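# Descriptive analysis of the structure
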Amino acid sequence: MKIRQAFICFTLLAASTAATAEIVVGVTVSTTGPGASLGVHYRNTFNMLPKTLGGQPVKYIILDDASDPTQAVKNARKLISTDNVDVIMGSSSVPNNHAISEVATELKTPQIALAPMSLPPEKMTWTFVVPQSIPLMIEGVVRHMQANGVKSVGYIGFNDPWGEGIDKAFTALAGPAGIKIVANERYARSDTSVEAQVLKIVAAKPDAVLIGGSGTPGALPAISLAGRGFKGQIYGNHGMVNPDFIRIGAKSVEGLIAPTGPLVVVEQLSDSNPVKSVASGFVKAYDAAYGVQNRNAFAGYAYDAHLLVEKALPEAMKADSPGTPAFRAALRDSLEKLREVVGTHGVYTLSPSNHNGMDARARVLVKVENGAWKLVQ
């Protein structure tokens, strides 16, 4: 009898410990360096999240990777090996996310990437991506070009995985759409001038220009194009849609069209839009904390990362307690089973072969009008 009672007590104690175990979330984002205009918004969201996650107490450890992939790797190793996090979230740029994913795979810890990235399936086993895929978003741009008679386009983008990703997606879609790419230029995130590249683009006389940059450095080509008197349509991408981009670009970015998530223009959405309710609730809280003028797409990605882990937790908690390899593996498996999770940017349905799970419900086109992002109907 005493042995049986002891066993029951032990079982109850273990269950109680699991029920109250703290979840530790590691975050590495770029709050300094060229990517800071994105990273600070991610950080803002994590700082305002509840102190519980899926009913469990949660601790967020937030580090700055200074927009540097090498520092992102150091942060990821520290968070996983020293701080024993259950999941790692970050970073703000594609190069940093690629670097973190290698550590996540090596140390078998789920990563929720906060910038669009695409790797071979065998390298994505532990990595899940919150933002919309590049092909999904560029498809919206190409459709707008077709509808408005654009036949030739000049491209200028970063000389890194983000710029290459935009170029690859656009090239794949442009040909079948009857659009010719007449110039293809690159620049570094840290460059202060793109005059030489823009001169080549303007000389090619394209109907439109597509910019494959992100954050405030993404405004540089638009500023140069305006200075050269380019009158064609300028298109951007979802890595640009934040207040600082308009602040830096000013009048030079007026009229620019870019794809983004519904969150950015939530008040302009129809009531039938599936994400309007969730996005409206988040925007209200974010605006109250940081001011309406700071609204942006990137804060919502951090919130959606939080939602995905929250939905995956109950199943993972059945496997083991947080802080263990078994729990991290169970959390990874649980994330793959999520279906129709409504976030601020879209609806997520994940699977072993799809670690992003977003569709056209996650995409709208916006245009800079009078210094603000407006929905393109």
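To keep things clear, this report deals only with the structure shown in the data block.

Time to look at the sheet that holds strand β3 (residues 56-64). Taken together, the six strands give an open sheet; going across it, the order is β2-β3-β1-β4-β5-β6, and neighbouring strands pair in mixed fashion. The sheet is open, and its two borders are formed by β2 (52-53) and β6 (127-129), each paired with just one other strand. Here strand β1 (residues 23-29) pairs with β3 via seven bridges, running parallel. Of the residues in β3, the one forming a bridge with Val25 is Tyr60. Against the sheet, helix α4 (residues 94-107) engages β1, β4 (87-89), β5 (111-113) and β6, with an angle of about 170° to β5.

At a minimum axis distance of 9 Å, the contact between helix α5 (residues 134-147) and helix α6 (residues 161-174) shows a crossing angle of 50°. When the axis of α5 is compared with that of α6, the two are oblique. Considering how the two elements wind past one another, α5 and α6 form a crossing that is right-handed. Taken together, the residues of α6 that come into contact with α5 (itself represented by Ile134, Pro135, Ile138, Glu139, Val142 and Met145) are Trp162, Gly165, Ile166, Ala169, Phe170 and Leu173. In terms of residue class, the contact of α5 with α6 is built from 10 nonpolar, one polar and one charged.

This part covers the environment of Gly26. Among the secondary structure elements, Gly26 is positioned in strand β1. Gly26 sits in the buried class, given a relative accessible area of 0%. Along the backbone, Gly26 and Lys276 are 250 residues apart, and their C-alpha atoms lie at a distance of 29 Å.

Within the largest apolar cluster, 65 residues are counted, with the highest numbers of intra-cluster contacts made by Met145, Phe170, Leu210, Ile211 and Trp373. Contacts of Trp373, omitting those with residues within four sequence positions, involve Met240, Val241, Asn242, Phe245, Ile246, Leu256, Val264, Val265, Gln268, Val366, Lys367 and Val368. Within the second largest apolar cluster, 39 residues are counted, among which are Leu49, Phe298, Ala302 and Val341.

Quick look at the packing of aromatic side chains now. Throughout the structure, instances matching the rule amount to eight aromatic pairs. Through a chain of ring-to-ring contacts, three or more aromatic side chains come together here, namely Phe282, Tyr286, Tyr290 and Tyr303.

Reading guide: rules and limits
Residues numbered from 1 in each chain as written. Predicted model: local features only at pLDDT ≥ 70, side-chain atom pairs only at ≥ 80, totals over all residues. Heavy atoms only, no water. Pairing = 2+ DSSP bridges. Helix = DSSP H or I, 4+ residues; strand = E, 2+ residues; numbered from the N terminus. Contact = heavy atoms within 4.5 Å. Axes fitted to C-alpha atoms, helices over the stretch in contact; angles between N-to-C directions. Parallel < 35°, antiparallel > 145°, perpendicular 65-115°, else oblique. Left-handed = near helix turned anticlockwise from the far one by under 90°. Nonpolar A, V, L, I, M, F, W, Y, C, P; charged D, E, K, R; others polar. Buried < 20%, exposed > 50% of the residue type's maximum accessible area, 1.4 Å probe, protein only. Core = buried A, V, L, I, M, F, W, Y, C linked by side-chain atoms within 4.5 Å. Phe/Tyr/Trp six-rings, centres within 6.5 Å; stacked < 30°, edge-to-face > 60°.

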